[in-house]
Amino acid sequence: MWQKLGHFILRFRVALLVLLLLITVAMGYLASKVELSYEFTLAIPLDNPKYQAYQQFRKQFGEDGNLLVLGIQTDRLFTLSTFTAYRDLQRQLKTIAGVEDIIAVPSAVALVKDTATERLKARPVFNDTLTSQPALDSAALAFRQLPFYKGLLYNPETEVYLMGVRINKDLMNSKARVGVVNEIEQAVDRFTNKTTLVVHKSGLPYIRTKVAVMIQEEMRFFLLASVLLSALILLAFFRSLSAMLLSIVVVGIGVVWSVGTLQLFGFKISLLTALIPPLVVVIGIPNCIYFLNKFHVAWNKTGHKEQSLIQMIDKMGIVTLFCNVAAAIGFAVFALTSSQILKEFGLVAGINIMALFVISLLFIPAVLSFLPPPKNRHTRYLDNPWLNKGLEKLERWSLHHRPFIYGTTAVVLVVAIVGLFKLKSEAFIVDDLPASNQVYTDLRFFETHFKGVMPLEIVVDTRKKQGVIRNMRNLEGIDSLSRFIEHIPNMARPLSIAEGLKFARQAFFEGDSSSYLLPSAYDLPALSQYLSFKDSSQTNNSLAKLVGSFMDSTKSRARISVSMADIGSYRLPGLLDSIQRQAENIFNKDSIEALSADADTRAAALAENEKWGQRTHQIELTGSSVTFLEGSRFIISGLKDSIFWAFLLISLCMLYLFRSLRILVCSLIPNIIPLVITAGTMGWAGVPLKPSTVLVFSVALGIAIDVTIRFLVNYKQELPHFQQDAYKTVIQTIYSTGISIIYTSLVLIAGFVIFCFSNFGGTQALGWLTSLTLVVATLTNLILLPAMLLSLGKEGKNG
């Protein structure tokens, strides 16, 4: 079959090359249209209850993750020159297209009781006409008498001041936000130049924009670096410019096809899919090396170019097909997960790894048929004395030191398994950024002074129209839950309707800061005419707007907004559970017993309580922090499942290819061991399981099995020539495949080492962990695999 295919390729080589060119041009056009992804919740399936609850929240209350925050630390904000510059900064930011609103000290308002109209009116604390230091000092004193802003706009202990810039939610999910953030940074730079004050920048809009730009820049760097490194390695191996250029063109076509596939399926470039083009380069180069290596071996034997090309296709076609199938499975299994971002990565990567096989099979023999035959210097690497000495040592070890090999492997496995028990799952929203990165350090600044900027939303559903404001117990419950949250480390003072009512009560009692308390049942009748809940659309009632933002239109659902630190997925579930318990304790006392059970029993019991009408309030924790946690869970769970499916599907492929359970066992063990060792290394090194690191295992398995397939196919092909003598066949296989295995392993390892230079911790981990797995896999396949073949097979007379 493969010989016939070889004749077909050489016969129709021109037509096939034109076809490849036309497809590449079409995919190049599609690739030029691909866009960056700006979505934040793609990790969660669309039918997930947490995702649906978050979308419902956004529909009722608006976006929770569109606030960009600016922070300064100074003891001279209320000097006239600095304050004027700070106010000018706010005004400049307000003029930027896409900026909807700004909350900051210069625009702070105080509520004043107007007895004539019986309304609370908003008055600016700092008038636009402030031109003298005494007037500013007086306004600053009045500002400090407003507890509502304490912890929200300033930290009095550390003299840090915050400015919140709210960005249009539609613009947040488009590439236009990069320009908005750049304009904000330019305005901030002008302020810094004028005042010499350092401005710290954070918030989800800023973090997401900066990360997206870094992804784009890294994609270009890694693509260029992987191509250059591969070119240098190929040039060093083959000493042939044509062989090097031939291989680069093959992976270049693969890269164009991979980016074009993203656009073809309507996908965008994300942190994961940005890795596909450099991965295509890294995985495509070994295809070229194996084809060229087999061509050179055949040329040395026959001296006939066309016959050598047909032998190359005949010997390497089936091998390369199954190697690419195995590698594609390692990626494609991600498409079986529930996570949208993993589905996209798995589908595009799997398709394009198989496309690489087609490109290599058609392009390499067709182009080689037009090129002059290889010279002696091009095939000199086949007799590399250093590699031959190394292969001799590998032969001696695998054939004559099997007990030592098995014993050493067992000891290493025991150490690795101990490390496995030290492994834990934990992810942070920005943990993939280095600690020295400004995005990371600025986030820590806000966590230090304002306890964080990550949004958490708690929705209290009273299930009754006007239930939030007509039942004093509900208001007291909201305030009680807010005070509970305020005392939790790493959580800022919550904002809710309760805080707005406290603000109103202070105004009602002539601005006395000691009156900043939740109105009692006796206060509400007197306050009600000033609050004017019945007409919350009045443009002149600032408090009504505030009240409206923390309740839905029916006033049956209230929102509690909290900013928190990026505490990670390991601690976050416990914190959310404690808030949920406290909320249920406050609003649904009859459900306390249910909350003392485990998660499944608790859910069932709460559902039963709700069925019988015992649960009067529905408490929902949502927001970007919750969707991040849920997304991390889905990705890690999905990746664990993908490893199982990868093993199963690759095992079936191996069983079909070799039709032998003995060889199947021999093929899997040398590839399971590297994964266990890598996982153990992660445990000992304190590298947690998170979306970016779990990715390593399926990817490395799919690539490492490549070596095993090539070794075992060659072993199976040579076995009849040595009268089924496993001992002689193993020796021949070590020498015939060892050089190409070592070369391709070096290319793969070098290709993944490039990722260690990433600015993202996850991409760095993908680089060094995959490289470690491939190093160990190369050793197990060249030392342990031959030993196992001899131990489990018939060794012959020389065994």
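In the block above lies the structure referred to throughout.
Conventions adopted
- Residues numbered from 1 in each chain as written.
- Predicted model: local features only at pLDDT ≥ 70, side-chain atom pairs only at ≥ 80, totals over all residues.
- Heavy atoms only, no water.
- Buried < 20%, exposed > 50% of the residue type's maximum accessible area, 1.4 Å probe, protein only.
- Helix = DSSP H or I, 4+ residues; strand = E, 2+ residues; numbered from the N terminus.
- Pairing = 2+ DSSP bridges.
- Expected span 1.5 Å × (residues − 1).
- 1 Å grid on protein atoms, 1.4 Å probe; cavity = no way out; pocket = protein on both sides within 12 Å on 5 of 7 lines; lining within 4 Å.
- Points joined across faces, edges and corners; volume = space filled by probe spheres on them.
- Contact = heavy atoms within 4.5 Å.
- Patch = residues over 30% accessible without salt bridge, like charges linked within 9 Å, V, L, I, M, F, W, Y side chains within 5 Å.
- Areas by Shrake-Rupley, 256 points an atom, 1.4 Å probe, with all protein chains shown as cover.
- Salt bridge = Lys/Arg side-chain N within 4 Å of Asp/Glu carboxyl O.
- Axes fitted to C-alpha atoms, helices over the stretch in contact; angles between N-to-C directions.
- Core = buried A, V, L, I, M, F, W, Y, C linked by side-chain atoms within 4.5 Å.
- Parallel < 35°, antiparallel > 145°, perpendicular 65-115°, else oblique.
- Left-handed = near helix turned anticlockwise from the far one by under 90°.
- Nonpolar A, V, L, I, M, F, W, Y, C, P; charged D, E, K, R; others polar.

K.L.:
Explain the pairing of strand E9 (residues 557-564) to me, please; I cannot follow it from the model alone.
P.N.:
Burial runs high along E9: 7 of the 8 residues are buried. In this sheet, E9 lies alongside strand E8 (residues 454-461) in antiparallel orientation, the contact comprising 8 bridges. Note on E9: the bridge partner recorded for Val-459 is Arg-559.

K.L.:
I tried to follow helix H7 (residues 176-195) on my own but got confused; where do I start?
P.N.:
Three- or four-residue spacings in an α-helix give side chains the same orientation, since the helix completes a turn every 3.6 residues. Taking 1.5 Å per residue, 20 residues should reach 28 Å; H7 reaches 29 Å between its end C-alpha atoms and fits that length. Of all the positions in H7, only Arg-177, Val-178, Val-180, Val-181, Ile-184, Glu-185, Ala-187, Val-188, Phe-191 and Thr-195 are classed as buried. Where H7 ends, the next residue or the one after it, Thr-196, has phi of about 65°, a positive value.

K.L.:
Would you take a moment to explain empty space enclosed by the protein for this structure?
P.N.:
To locate leftover empty space, one rolls a probe as large as a water molecule over the atoms. This model, assessed by the stated rule, comprises 9 cavities of 30 Å³ or more. Approximately 130 Å³ is the volume found for the second largest cavity. Lining the second largest cavity are 13 residues, with Lys-294, Met-316, Arg-710, Asn-714 and Thr-737 positioned closest to its centre. For the lining of the second largest cavity, the secondary structure elements donating two or more residues are helix H10 (276-302), helix H11 (305-332), helix H26 (691-718) and helix H27 (726-753).

K.L.:
Just to check I follow, could you spell out the side chain of Arg-505 for this structure?
P.N.:
Position of Arg-505 among the secondary structure elements: in helix H18 (residues 497-508). With residues up to four places along the chain from it excluded, the contact list for Arg-505 reads Ser-515, Leu-517, Leu-518, Pro-519, Asp-523 and Leu-527.

K.L.:
Would you mind showing me how to read a nonpolar patch on the surface here?
P.N.:
A cluster of nonpolar residues, Leu-336, Phe-644, Trp-645, Leu-648 and Leu-652, forms a patch on the protein surface that exposes about 510 Å² of accessible area. Of note, Trp-645 is situated in helix H24 (residues 624-658). Residue Trp-645 is classed as partly exposed on the basis of its relative accessible area of 37%.

K.L.:
Help me understand the pattern of salt bridges in this model?
P.N.:
Any two side chains of opposite charge can pair, given that their charged atoms come close. Here the structure, examined in full by the defined rule, presents 14 salt bridges. Arg-444 is the salt-bridge partner of Glu-447, the closest N and O atoms lying 2.5 Å from each other. You can see Glu-447 and its partner Arg-444 sitting in helix H15 (residues 438-450), 3 residues apart, about one turn around the helix. Under the relative-accessibility criterion, Arg-444 is labelled partly exposed at 23%. Here Asp-577 ties to Arg-581 by a salt bridge, and the two come within 3.0 Å at their closest N and O atoms. One end of the pair is Asp-577 and the other is Arg-581, both in helix H21 (residues 572-587) and 4 residues apart, which spans about a single turn. Via salt bridges that share partners, Asp-479, Arg-483, Arg-493, Glu-499 and Lys-502 belong to a single interconnected network.

K.L.:
Can you walk me through the sheet that holds E8 in this structure?
P.N.:
Two strands in a sheet stick together by hydrogen bonds in their backbones, pointing the same way (parallel) or opposite ways (antiparallel). Taking strand neighbours across the sheet as the criterion, the 3 strands line up as E9-E8-E10 in an open arrangement whose pairing is antiparallel. If you trace the sheet from one side to the other, it starts and ends with E9 and strand E10 (618-622), each paired once. Across the sheet, the mean angle from the axis of one strand to that of its neighbour is 15°, orientation sign disregarded. Together, E8 and E9 form the strand contacts of helix H17 (residues 472-486), whose direction differs from that of E9 by roughly 10°. The strands that H24 touches are E8, E9 and E10; relative to E8, the one it contacts most, it runs at about 105°.

K.L.:
Any chance you could explain unusual backbone geometry here in plain terms?
P.N.:
It is generally the case that most residues other than glycine have a negative phi and that most peptide bonds are trans. A positive phi angle, close to 55°, is found at Glu-159, a residue other than glycine. For Glu-159, the location among the structural elements is in the loop between strand E5 (154-155) and strand E6 (160-167). Note on Glu-159: relative accessible area 35%, which makes it partly exposed. Although it is not a glycine, Gln-466 sits at a positive phi angle of roughly 65°.

K.L.:
How do you make sense of the nonpolar core when you look at a structure like this?
P.N.:
One recurring pattern in soluble globular proteins is that nonpolar side chains are buried together. Of all hydrophobic cores here, the largest spans 260 residues; its most connected members are Phe-78, Leu-93, Phe-126, Ile-579 and Ile-709. When neighbours within four sequence positions are excluded, Ile-709 is seen to be in contact with Val-319, Phe-322, Cys-323, Ala-326, Met-654, Leu-657 and Phe-658.

K.L.:
Got a minute to help me understand the packing of helix H2 (residues 13-31) against helix H9 (residues 241-264) in this structure?
P.N.:
Helix packing geometry: the angle between the two helix axes and the distance between the axes. At a closest axis distance of 7 Å, the pairing of H2 and H9 adopts a crossing angle of 50°. As the angle between them shows, H2 and H9 are arranged oblique. Regarding H2 and H9, the two cross each other, and that crossing is left-handed. When H2 is examined against H9, the residues Leu-20, Ile-23, Thr-24, Met-27, Gly-28, Leu-30 and Ala-31 are found in contact with a partner set consisting of Ile-253, Val-256, Trp-257, Val-259, Gly-260, Thr-261, Gln-263 and Leu-264. For the contact of H2 with H9, the residue count by class is 10 nonpolar, 5 polar and no charged.

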